[in-house]
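Reading the structure
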Amino acid sequence: MPRVLLIEDDAAVRDGVTLALRRRGHEVAAAASGEEGLDVLPGFRPDIVLLDLMLPGKDGFEVCRLIRAERQLPIIMLTARGDDLDVVLGLEAGADDYIVKPARGEVLEARIRAVLRRTALPAEGTPAPAEPGPAPVETYGELAIDRAGLVVGKGGQDLALAPSEMKLLLFLSATPGQVFSRQQLLEQVWEHSYHGDARLVDACVMRLRTKIEDTPRSPRYVQTVRGFGYRFGPL
């Protein structure tokens, strides 16, 4: 079962979430502050992080950015309210998804599994295709995409992409020029057919652009088709 690091300052919430996840077979490490969570992280080696936004000291936004700077762990934000600004800022900081508290154990479990499924590259249990030789690296301008090795480079330098960013780029670049709506991307990349939250897509596109584009506000690779959605290219 996935190992979960829970960073939550509210003792009642922390104990309730820990108990719910342990009953479902997860190994859980719980931290009451961002600083404590960052200290626990290297030794515990979690598969996923549940991160409260409103933490004392280092808040959830800063903790998320610090984790993202060194690791590509899936991160789910916990927010006490469905505050649009908090959600957007958390997603922009690098979170993969969010859950509004309080959440039942089955909801936590379902969202954890959904995030882990979509951030597993390639998906667990998927055999590698038989190849007579190494798969060619695709090149688009200065961008190089190695689908087999899950490596993206630009100008000869490898880029550190979070799992959601990598999966979005692989999906869009598989059919250059084809336009996908936000809902289609939610269903295909985020597995959110039940929860049409376009903010997940928009925040991930914004983060991806800061890494692959020369000028994120005038993108060459991941382009906006106003009123429809996003496409890869044409360059």
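Our structure's up above, just so we're on the same page.
The following refers to the structure shown. Bear in mind the structure is a predicted one, so any value in this text is a computation, not a measurement.

**So, the pattern of salt bridges**
A side chain of one charge can pair with a side chain of the opposite charge if their charged atoms are brought near each other. On inspection of all chains with the given rule, the structure shows 13 salt bridges. With a closest N to O distance of 2.8 Å, Glu27 and Arg3 form a salt bridge. One end of the pair, Glu27, is in strand S2 (residues 27-31); the other, Arg3, is in strand S1 (residues 3-7), with 24 residues separating them in the sequence. Overall, the relative accessible area of 41% leaves Glu27 in the partly exposed class. Judged by its relative accessible area of 25%, Arg3 is partly exposed. Of the charged contacts in the structure, one is a salt bridge between Lys211 and Glu165, with a shortest N-O distance of 2.7 Å. You can see Lys211 sitting in helix H8 (residues 198-212) and its partner Glu165 sitting in helix H6 (residues 163-173), a full 46 residues away along the chain. Under the relative-accessibility criterion, Lys211 is labelled partly exposed at 28%. Classification of Glu165 as buried rests on a relative accessible area of 1%. Salt bridges linked by common partners bring Glu8, Asp52 and Lys101 together as one network.

What counts, and at which threshold
Throughout, a residue's number is its position along its own chain's written sequence, starting from 1. For a predicted model such as this one, the threshold for reporting local features is a pLDDT of at least 70, and the threshold for listing and counting side-chain atom pairs is 80 or more; totals across whole chains, interfaces and linings nevertheless cover every residue. The side-chain quantities take in all heavy atoms of the structure and omit both hydrogens and water. The term salt bridge refers to a side-chain nitrogen of Lys or Arg lying within 4 Å of a carboxyl oxygen of Asp or Glu. Each helix corresponds to a stretch of at least 4 residues labelled H or I by DSSP, and each strand to a stretch of at least 2 residues labelled E; elements are numbered beginning at the N terminus. Between buried and exposed lies partly exposed: a residue is buried under 20% and exposed over 50% of the maximum accessible area for its type, with that area taken using a 1.4 Å probe on protein chains only.

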